[in-house]
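What the coordinates show
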Amino acid sequence: MELFEQRDSLEVLNGIYEEFESGQRIVDELVKPITLSVLDGIVSHKQLKLDRTGLSASRIWEEVQSFDYNKPGHRSADTAFSQKQQLEAMRAPRKYDEDVRNTMTKQKSLEANKDAHFKNNQQSHSSVEFNKDGSRVTVYRKQKVATEKGHFWKASDTDHVIPVKQINDRYANNAFLSVDDIQGITDSGDNLIEISNRLNRAKGDRNFSEMYAEKCQLQAKKDSGQKLTKPEKEKLGRLSKHTDKTYKAAIEKENQARESIEKQAQETALKNLTKQPGQIANKAGKQAAEQTGYQAIGHAIILFIKPLFYEMNDAIRNGFAQGVNQSSIIDGIKYRFKRLMAYVKQEIIPTCAQAVKDLLQNFFKILIQGVLDLVTGMFKKVIRIISEGFSALVGAVKILGKKESEMSRAQKADAIAKLFAATAVTFTMFTFESLVLGVLPETPAVLKDIALATLSGVASSLVVYLLDKADLFSVKAELRSKRVAEVFDLRIEQIKLNTDAFQAESIRKLAEDRLRFKAINDDIMTAIDDKKDVNPAIYALADHFKIKLDIRDTDDFLKLLKNTDALVI
């Protein structure tokens, strides 16, 4: 018996180890996440307008699979990829058009700069342009004068050194700056110059650095012997009309303007923070509410999908009526619909509470992003890390806040390590997007976005899987020990129950046998006292003790004498 128990225990231990190292775990920990990552890249693509909702294939799958009416409060966390997409969507610049431009720059500011530059003259030097001989280019205040002088392209344009669109993209959504602040930054003196209309047309909505980089790129391509397309030749021709000295002066002016704008933006934001915090809170609150609205749509979709999938799955497996103990399919459908709607009503308040949490998180994310847009240098990198990892930080705090009975210290450390690793990999993939997708130069943008999302998910899954295999915090050993303890605790409990049942049954059987023996003994004594036949009582006693009597009557005795040579008593 002890040898059997020993072998049985070894089989249990081997079964537990096989469970932790089985192929099914590889499917659950690697294959399934990678497959869902591919679907994430498709479902969460920005052109589907779902990127800000937090919906992803991984989240939908986990929510649906874990749903149970008895545990309605479960909510899966957003994946690192989904969090990154939501963050990037929040960072997306304000849509730029002519109406937006008109709010950012005023004609009177441009005229004032032109007046200051030309004073009372009809001509002056360009702010940054130089001729091939090194002399400064002359520009004319009015197009008519330039035409009369035979230099149509030398009419002066008041230009923004840092293009209006670029200022819009960087500062328009900044919670610390108002519309008037942004207009003041855009039309600041350091950002306005007078240049020829030819240079201004060639520049477009780029800055001078980008313009010069494109010229150098096209020139290098030509010098290397590669054939330029007709549009490339025309573009290089236009860009080459401006001297390198012009580009050098323009880029220097650009650097000065950028430094001035950054300084002005920082000073204005600090002033608003001390004197108009309500204005900052109002702008940040509106942006946070917008993002929360998108997330609420995601929560609402999940809220309906979970019970709907559950009911459909249960109905297919167990029947529309039988699965819910109803007499007809119609009654079963009514019952299921009623149960689904009851769940939805029950979850409205928790969903609203989640929306409030989302609103607060989004509010702080927007403020952090506002600071990120204002700062420069090393501090900017630090703030960006905080901004990128804000959701991961919140998740880590939640993990640390769990009770010891729910997660051990090793499990918490392991979960946090995987959380930050997955987040870091995702953000790294997006940071080096151009390098990652460099092997797909001719691929449409939509497919590139899907490819990036897929690669990000696959990389995150692989990193988490490798961390799981490395088991840095010995979580597997801890879980195995816990599993072994559970199994043997269960066995001990079962043995105890069996022992208790055996003891109870033994006592009952002994009591029953004693009563039967007493009854037979009474029958024997009564037969003796009454001088009656005691054989029936003796036979009953033999049957009670399971003794087989070969001789039960006279016929058996005579038969024995007949068949036996000698009778031994």
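So, here's what we can say about the structure. Please read these numbers as outputs of a predicted model, since none were measured by experiment. (Residues numbered from 1 in each chain as written. Predicted model: local features only at pLDDT ≥ 70, side-chain atom pairs only at ≥ 80, totals over all residues. Heavy atoms only, no water.)

1. Overview of the overall build of the chain
Selection rule: Each helix is a run of H or I in the DSSP string that is no shorter than four residues. Each strand is a run of E no shorter than two, and both are numbered from the N terminus. Whether a residue is buried, partly exposed or exposed follows from its accessible area with a 1.4 Å probe, protein chains only, as a fraction of its type maximum: under 20%, in between, or over 50%, in that order. Any two residues having at least one pair of non-hydrogen atoms within 4.5 Å are treated as being in contact. Residue exposure ignores everything except the shown protein chains as possible cover, and the areas themselves are Shrake-Rupley values with a 1.4 Å probe.
The secondary structure content of the chain amounts to 23 helices and 4 strands. Residues counted as buried form 37% of the 569 residues belonging to the chain. Expressed as a percentage of contacts within the chain between residues at least 6 apart in sequence, the contacts between residues at least 24 apart total 69%. Total accessible area on the chain stands at roughly 34,300 Å², and carbon and sulfur atoms take up 59% of it.

2. Focus on the pattern of salt bridges
Note the threshold: What counts as a salt bridge is simple: a side-chain nitrogen of Lys or Arg found within 4 Å of a carboxyl oxygen of Asp or Glu.
Applying the stated criterion across every chain yields a total of 21 salt bridges. A salt bridge links glutamate 214 to lysine 235; the shortest N-O distance between them is 3.0 Å. Of the two residues, glutamate 214 is situated in helix H11 (residues 208-223) and lysine 235 in helix H12 (residues 230-239); the sequence distance between them amounts to 21 residues. When its relative accessible area of 18% is taken as the criterion, glutamate 214 is described as buried. Exposure remark for lysine 235: the relative accessible area of 31% places this residue in the partly exposed category. Across the salt bridge formed by glutamate 254 and arginine 258, the nearest N and O atoms sit 3.2 Å from each other. Residue glutamate 254 and its partner arginine 258 are located together in helix H13 (residues 244-275), separated by 4 residues, close to a single helical turn. A residue is classified by how much of its surface remains accessible, and glutamate 254, at 1% relative accessible area, is buried. Residues participating in the shared-partner salt-bridge network are Glu505, Arg508, Lys509, Glu512 and Asp513.

3. With respect to the environment of phenylalanine 545
Within the fold, phenylalanine 545 resides in the loop between helix H22 (535-544) and helix H23 (554-563). The exposure class assigned to phenylalanine 545 is partly exposed, which follows from its relative accessible area of 45%. With 32 residues separating them along the chain, phenylalanine 545 and aspartate 513 place their C-alpha atoms 9.5 Å apart.

4. Structural notes on the packing of helix H14 (residues 277-318) against helix H15 (residues 329-374)
As a reminder of what qualifies: Axes here mean lines fitted to C-alpha atoms, for a helix over just the part in contact, with angles spanning 0 to 180 degrees between N-to-C directions. In what follows, roughly perpendicular refers to angles from 65 to 115 degrees, roughly parallel to angles under 35, roughly antiparallel to angles over 145, and oblique to any angle outside these ranges. In this scheme the handedness of a crossing depends on how the near helix is turned from the far one: anticlockwise by less than a right angle means left-handed, clockwise means right-handed. The nonpolar class holds Ala, Val, Leu, Ile, Met, Phe, Trp, Tyr, Cys and Pro. Asp, Glu, Lys and Arg form the charged class, and all remaining residues, Gly among them, are polar.
Two elements in contact, H14 and H15, have axes separated by 7 Å at closest approach and are oriented at 150 degrees. Relative to H15, the element H14 is oriented roughly antiparallel. Judged by the twist between their axes, the crossing of H14 over H15 is right-handed. When the residues that make up the contact of H14 with H15 are grouped by side-chain class, the tally is 19 nonpolar, 9 polar and 7 charged.

5. A short note on the pairing of strand S3 (residues 156-160)
The cut-off we apply is this: Paired strands are those between which DSSP finds at least two bridges.
A large share of S3 lies buried, amounting to 5 of its 5 residues. Residues of S3 alternate between two faces, with Ser156, Thr158 and His160 on one and Asp157 and Asp159 on the opposite face, all of them buried. Looking at chain direction, S3 and strand S4 (residues 192-196) are connected through 5 bridges and run antiparallel. Looking at the pairing, aspartate 159 lines up with isoleucine 193 of S4.

6. A look at H11
Think of an α-helix as turning once every 3.6 residues; residues three or four places apart then point the same way. Heads up, the rule is: A helix is expected to span 1.5 Å for every residue after the first. What the arc describes is the spread of directions from the helix axis to the C-beta atoms. Polar contacts here mean pairs of N or O atoms no more than 3.5 Å apart (in protein, one a potential hydrogen donor and the other a potential acceptor; neighbouring residues in sequence count only if both atoms are side-chain atoms).
Its 16 residues give H11 an end-to-end C-alpha distance of 22 Å, which sits within 8% of 22 Å, the value for a rise of 1.5 Å per residue. Burial in H11 covers these residues: Phe208, Met211, Glu214, Lys215 and Leu218. Buried residues of H11 fall within an arc of 130 degrees about the axis and therefore sit on the same side. Facing away from the buried side of H11 by more than 90 degrees, the exposed set consists of Gln217 and Asp223. On its buried face, H11 is in contact with S3, S4, helix H10 (197-203), H12 and H13. The opening residue of H11, the one whose side-chain oxygen lies 3.2 Å from the backbone nitrogen of serine 209, is asparagine 207. Where H11 terminates, the next one or two residues include glycine 225, which has phi positive at roughly 95 degrees.

7. Re the packing of aromatic side chains
Rules: For Phe, Tyr and Trp, rings pair up if their centres lie within 6.5 Å, where Trp contributes its six-membered ring, and each pair is then called stacked (planes under 30 degrees apart), edge-to-face (over 60) or tilted (otherwise).
For the coordinates displayed, the defined rule picks out 7 aromatic pairs. A centroid spacing of 5.5 Å and a plane angle of 75 degrees characterise the contact between phenylalanine 67 and tyrosine 310, whose relative ring orientation is edge-to-face. Highlighted residues: phenylalanine 67 in the loop between helix H3 (57-66) and helix H4 (80-91) and tyrosine 310 in helix H14, separated in sequence by 243 residues. Judged by its relative accessible area of 8%, phenylalanine 67 is buried. Given the relative accessible area of 27%, tyrosine 310 is considered partly exposed.

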